Amino acid sequence: MDKRILENQSSERLLFRKVQLSDFDAWLPFYNNPKSTEFWDGLPSNPIQACQQQFDRIFERYEHELGGMNALVLKSTGQLVGICGLLVQTVDGIEELEIGYSVLPEFWLQGFAIEAAEKCKQYAFQNQLTNTLISIIHVDNIPSQKVAQKNGMVLDKTTTYKDNPVHIYRVNQG
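Residues numbered from 1 in each chain as written. Predicted model: local features only at pLDDT ≥ 70, side-chain atom pairs only at ≥ 80, totals over all residues. Heavy atoms only, no water.

Considerations on the overall build of the protein
Let me state the cut-off plainly: Only DSSP runs of H or I reaching four residues or more are called helices, and only runs of E reaching two or more are called strands; each is numbered from the N terminus. When we talk radius of gyration, it's over C-alpha atoms, and the globule rule is simply 2.2 Å times the number of residues to the 0.38. The rule is simple: take the accessible area with a 1.4 Å probe, protein chains only, and divide by the maximum for that residue type; under 20% is buried, over 50% is exposed, in between is partly exposed. Here, residues are in contact when the closest pair of their heavy atoms is within 4.5 Å. Accessible surface is estimated by sampling points in the Shrake-Rupley manner with a 1.4 Å probe; for residues, cover comes only from the protein chains shown. Only four residue types enter the tally: Lys and Arg on the positive side, Asp and Glu on the negative side; His and the chain ends are excluded. Positions of charges follow a simple convention, taking NZ of Lys, CZ of Arg, CG of Asp or CD of Glu.
Across its full length, the protein carries four helices and seven strands. Shown N-terminal to C-terminal, the secondary structure of the protein runs as helices and strands in the order β-α-α-β-β-β-α-β-α-β-β. In summary, the protein has a C-alpha radius of gyration of 15 Å against a globular reference of 16 Å for 174 residues, a match within 12%. Expressed as lengths along the three principal axes of its C-alpha atoms, the size of the protein is roughly 35 × 35 × 35 Å. Every one of the 174 residues in the protein was classed for burial, and the buried ones make up 51%. In the protein, the share of contacts with a sequence separation of at least 24, taken over all contacts with a separation of at least 6, comes to 61%. Here the protein displays about 8,900 Å² of accessible surface, and carbon together with sulfur accounts for 47% of that area. If you average the places of the 16 positive and of the 21 negative side-chain charges in the protein, the two averages end up 6 Å apart.

Looking at the nonpolar core
Quick note on the threshold: For our purposes a nonpolar core is just a set of buried Ala, Val, Leu, Ile, Met, Phe, Trp, Tyr and Cys residues, chained together by side-chain atoms within 4.5 Å.
Counting 50 residues, the largest nonpolar core has Leu14, Val19, Trp27, Leu86, Ile99, Tyr101 and Leu133 as the members making the most contacts within it. The residues touching valine 19, leaving out its near neighbours within four places in the chain, are Phe55, Ile58, Phe59, Tyr62, Met69, Asn70, Ala71 and Ile83. Val91, Ile134, Tyr161 and Ile168 belong to the second largest nonpolar core, which has six residues in total.

Re the pattern of salt bridges
Rules: One speaks of a salt bridge when a side-chain nitrogen belonging to Lys or Arg is within 4 Å of a carboxyl oxygen belonging to Asp or Glu.
Within this structure, the stated rule accounts for seven salt bridges. Here arginine 57 makes a salt bridge to glutamate 60, at a shortest N to O gap of 2.6 Å. Of the two residues, arginine 57 and glutamate 60 both sit in helix α2 (residues 47-64), three residues apart, roughly one turn of that helix. The exposure class of glutamate 60 is partly exposed, given its relative accessible area of 39%. Here glutamate 96 and arginine 170 are joined by a salt bridge, their closest N and O atoms 2.8 Å apart.

Quick word on helix α4 (residues 142-150)
Cut-off, in case you're wondering: This arc is built from the directions going out from the helix axis to the C-beta atoms. Two N or O atoms form a polar contact when they lie within 3.5 Å of each other; inside protein one atom must be a possible hydrogen donor and the other a possible acceptor, and for residues adjacent in sequence the pair counts only when both atoms belong to side chains.
Among the residues of α4, Ser144, Gln145, Val147 and Ala148 are the ones counted as buried. On an axial view of α4, the arc spanned by its buried residues comes to 155°, and they lie on one face. Every exposed residue of α4 that faces more than 90 degrees away from the buried side is listed here: Pro143 and Lys150. Buried residues along α4 sit against β4 (94-103), α3 (112-126), β5 (132-138) and β7 (164-172). For α4, the N-terminal cap is asparagine 141; the gap from its side-chain oxygen to the backbone nitrogen of serine 144 is 3.1 Å. Downstream of α4 by one or two residues, glycine 152 has phi in the positive range, about 85°.

Quick notes on the environment of leucine 72
Among the secondary structure elements, leucine 72 is positioned in strand β2 (residues 67-74). Measuring from C-alpha to C-alpha, the distance between leucine 72 and alanine 113 comes to 9.6 Å, with 41 residues separating the pair along the chain. With residues near it in sequence (within four places) discarded, leucine 72 still touches Leu14, Leu15, Phe16, Gln79, Leu80, Val81, Gly82, Ile83, Cys84 and Ala116.

A closer look at the side chain of serine 102
Examined against the element boundaries, serine 102 turns out to sit in strand β4. Sequence-distant contacts of serine 102, defined by excluding residues within four places in its chain, comprise Trp27, Phe30, Gly82 and Ile83.

Overview of the packing of helix α1 (residues 24-32) against α2
Basically, it comes down to this: Here, axes are lines fitted to C-alpha atoms. For helices the fit covers the stretch in contact, and angles between N-to-C directions go from 0 to 180 degrees. Working definition: roughly parallel below 35 degrees, roughly antiparallel above 145 degrees, roughly perpendicular at 65 to 115 degrees, and oblique for all remaining angles. Helix crossings fall into two classes, left-handed where the near helix is turned counterclockwise from the far one by less than a right angle and right-handed where it is turned clockwise. Here the nonpolar group is Ala, Val, Leu, Ile, Met, Phe, Trp, Tyr, Cys and Pro; Asp, Glu, Lys and Arg are the charged ones; every other residue, Gly included, is treated as polar.
Where α1 meets α2, the closest approach of the two axes is 9 Å, and the angle between their N-to-C directions is 120°. Relative to α2, the element α1 lies oblique. The interaxial crossing formed by α1 with α2 has right-handed handedness. Taking contact as the criterion, the partners of Phe24, Trp27, Leu28, Tyr31 and Asn32 in α1 are, on α2, Pro47, Ile48, Ala50, Cys51, Gln52, Gln54 and Phe55. Here the contact of α1 with α2 is composed, by residue class, of nine nonpolar, three polar and no charged.

Pasting the structure below:
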C-alpha cells in the first residue's frame, strides 16, 4: 500500500480512510454547490460528471501509488465531511508532494480543512515522506490560502497549473 495514504489515521474529530465508490453520493453535494468550484477552470459543468472525474482520478492515484485523497469521516456521526491527502504532483516540471483538501459545504468554517491538513503535514514529516510540502491554490481562493497559512505554509511562488493561475504555498520540515 502507498505509504502516503493516511489509512486508519485520525485527528481530534476526524477518521481518515481511503475513499470508496460508495462515497460518491455523499461527495456529490460538493459539486452541486457552485461556490465549491468557483475558482477552478476546466471542470465539467455537470456536477455528476465533475464528481465522477474526481473519483476516477482518486482511484487512478491509488492504483499507481501517487498518493491520494482520504475520506474524512466525522468520528461522532460517521458522516463524510471532506477529503484530504498527500498527492504526488508535478509543478513547473518538479515532482512535489502536495497537501490537498476539500470540505463539503455544510461543514465549511468549522475548522475541518485545517485539522485535516495539519494531520497530513505531521504524518508526512513524521514518516519522512518528504522534507517539504506544497499546496496548490488558485490565486483567488482566499479561504484555502488561509488554511495553508494556518498550516505553517508561506507563499513560495505564483505559476500556472492545469491552465489556472495558482499560488504555491510551501512548508519545510522544521
